[in-house]
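These are the residues of each chain, in order.
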Amino acid sequence: MKTTLHTDWTVGDVCKGFIYDKNENKGLFGLGGKLIIQPEYQRNYIYGDGKKDVAVVDSLLRGYPLGLIYFVKNDDGMYEVLDGQQRITSFARFVNQSWPFAVERGGKPRYFNSLDKNDQDLILNTPLTIYVCEGDPSEIQEWFEIINIAGVPLVKQELRNAAYHGPFVTAARAHFSNPNNAKMNMWQTYVSGDPRRQAILERALDWVSGGDIEDYMAKHRDDDNIKELEDNFDTIIDWVDTVFTYAGPEMRGLDWGRLYKTYHTKAYDADVVAKRVDALLADEQVTDRRGIFEYVLGGEVDAKLLNIRVFDAKTKSSVYHAQTSAAKKKGVSNCPMCAAMDKGSNRTRIYKIGEMDADHVTAWSHGGATSAANCQMLCKTHNRSKGNR
Ligand SMILES: [Zn+2]
């Protein structure tokens, strides 16, 4: 990757040819048409709140630096703003009076045209500090991730969109990152995150690529359509929507791409599935409600997915009686944690079954099963303290 520092471009240079598109909610072009101010991977303009935009111009009038700005230079010689879009759009709106706003100067609100010539020149002649980078997408992405630490926090998929920008990203973004897409409601039932921060697009890419998003984006970078991406995503979402009548919040953000791959060849009766899902959702022993869907898809074999907490009464009773008779023989408490204490009257206390709770000797998180062999009875105090750990 090649990086060049430019300090010869001024605010006035960057403002040349700028227009603000109110319908699209973004600023377009600068540097006399050579600069794309809001490429597809950038977020919408959010400084237009009468505070942040004003603060940018105020800074210029006070002679404060605006900070580093980053451009990417494309093969066709055009520049795109990587970081600095909000600042550039703000001062360019002011200078070019495209969606203009006023700043206070000499105790009065002033638009650019009503500023003194000196103040106008001060703004126009302010030099900017701009890094321009060109090169291999993976290098650019790596670099973005580094500058991202100090700068505007772009999320991973925004960084990828920047590194692999082109017709594919433009089309993918227009489809998956548009909150007004008619399918957005359904998508958000199953996919978590903010679509404007590329969360839906990221999931769609993750699923179609089998987890190697960068590789997929590199291969399809110059595609002028997103058919495969769209079809794959639609297929998965339609499958989930068909198999499950239920559409609650527990389903949002599950790895449906993996579940589709694993289970889509199996036939499901939607009515049976719906009944089982309802029953499991109502079952107090199921502590991981998000695991219900894979559990049902897998034929209700892997109970670990549900994080079952409670032992049944029969197991508790048999463990209690075995533990209690052994404890009595030794003259210690039937709560092993009480029996292990150095002192105190509970060391030898025999609890009634109602004063104890069942505990997994090996925790669920470590693969312990809900079986008699993995069950011990603890006094309620010790069980609670263990459970809280
Ligand atoms: Zn105890």
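As the structure is a prediction and not an experimental result, all values here were calculated from the model.

A. Inspection of the overall build of the protein at higher detail. Helix and strand counts for the protein stand at 17 helices and 11 strands. When its C-alpha atoms are laid out on the principal axes, the protein stretches across 100 × 55 × 40 Å. Of all 389 residues assigned to the protein, the portion counted as buried reaches 44%. Considering only contacts in the protein between residues 6 or more positions apart, those separated by 24 or more positions represent 62%. As displayed, the protein has an accessible area near 19900 Å², and 49% of this comes from carbon and sulfur atoms. Side chains of the protein give 49 positive and 53 negative charges; the mean places of these two sets differ by 10 Å.

B. Fine view of helix α11 (residues 227-243). The first and last C-alpha atoms of α11 sit 24 Å apart over 17 residues, in line with the 24 Å expected at 1.5 Å per residue. Within the span of α11, buried status applies to Leu229, Phe233, Asp234, Ile236, Ile237, Trp239, Val240 and Val243.

C. Focus on the nonpolar core. In terms of nonpolar packing, the biggest core is built from 46 residues, with Phe176, Leu229, Phe233, Trp239, Phe244 and Trp256 touching the most fellow members. A per-element tally of this core places α11 first, with 7 residues. Among residues more than four places away in sequence, those in contact with Trp239 are Trp256, Leu259, Tyr260, Tyr263, His264, Tyr268 and Leu297. Val11, Leu35, Leu66 and Phe94 belong to the second largest nonpolar core, which has 32 residues in total.

D. Structural detail: the environment of Tyr164. With respect to the element layout, Tyr164 can be found in the loop between α6 (156-163) and α7 (167-176). Residues Tyr164 and His220, spaced 56 residues apart in sequence, show a C-alpha to C-alpha distance of 9.2 Å. If we skip the residues at most four places from it in the chain, Tyr164 touches Pro137, Ser138, Gln141, Val169, Glu214, Met217, Ala218 and Arg221.

E. Layout of the pattern of salt bridges. Tallying each qualifying case throughout the model produces 22 salt bridges. Notably, a salt bridge pairs Glu355 with Arg349, separated by 3.4 Å at the nearest N-O pair.

F. Local environment of the pairing of strand β5 (residues 68-73). Direction of pairing for β5 relative to strand β9 (residues 129-134): parallel, over a ladder of 5 bridges. Across the sheet, residue Leu68 finds its bridge partner in β9, namely Thr129.

G. Focus on the environment of Gly354. Tracing the backbone shows Gly354 in the loop between α16 (336-339) and β10 (356-360). With relative accessibility at 54%, the residue Gly354 sits in the exposed group. Measuring from C-alpha to C-alpha, the distance between Gly354 and Met377 comes to 10 Å, with 23 residues separating the pair along the chain.

H. Focus on the coordination of the zinc ion. Those protein atoms acting as donors to the zinc ion are Cys335 (SG), Cys338 (SG), Cys379 (SG) and His382 (ND1), and they sit at 2.0 to 2.3 Å. Given 4 donor atoms and angles of 101 to 114° at the metal, the environment of the zinc ion is assigned as tetrahedral. Here the donor residues of the zinc ion are spaced in sequence according to C-x2-C-x40-C-x2-H. Here Cys335 is found in the loop between α15 (313-330) and α16, whereas its partner His382 is found in helix α17 (residues 380-387), with 47 residues between them in sequence.

I. Structural view of the pairing of strand β11 (residues 375-379). Taken across its 5 residues, β11 has 5 buried, putting it largely inside the fold. Burial of the side chains of β11 extends over both faces: Cys375, Met377 and Cys379 are buried on one face and Gln376 and Leu378 on the other. Direction of pairing for β10 relative to β11: antiparallel, over a ladder of 5 bridges. Considered in β11, the bridge of Met356 is made with Cys379.

Conventions used here
Residues numbered from 1 in each chain as written. Predicted model: local features only at pLDDT ≥ 70, side-chain atom pairs only at ≥ 80, totals over all residues. Heavy atoms only, no water. Helix = DSSP H or I, 4+ residues; strand = E, 2+ residues; numbered from the N terminus. Buried < 20%, exposed > 50% of the residue type's maximum accessible area, 1.4 Å probe, protein only. Contact = heavy atoms within 4.5 Å. Areas by Shrake-Rupley, 256 points an atom, 1.4 Å probe, with all protein chains shown as cover. Lys, Arg positive; Asp, Glu negative; His and termini not counted. Charge placed at Lys NZ, Arg CZ, Asp CG, Glu CD. Expected span 1.5 Å × (residues − 1). Core = buried A, V, L, I, M, F, W, Y, C linked by side-chain atoms within 4.5 Å. Salt bridge = Lys/Arg side-chain N within 4 Å of Asp/Glu carboxyl O. Pairing = 2+ DSSP bridges. Donors = N, O, S within 2.8 Å, 3.2 Å for Na, K, Ca; no water. Tetrahedral: all angles 85-135°; square planar, octahedral: opposite > 155°, others 65-115°.

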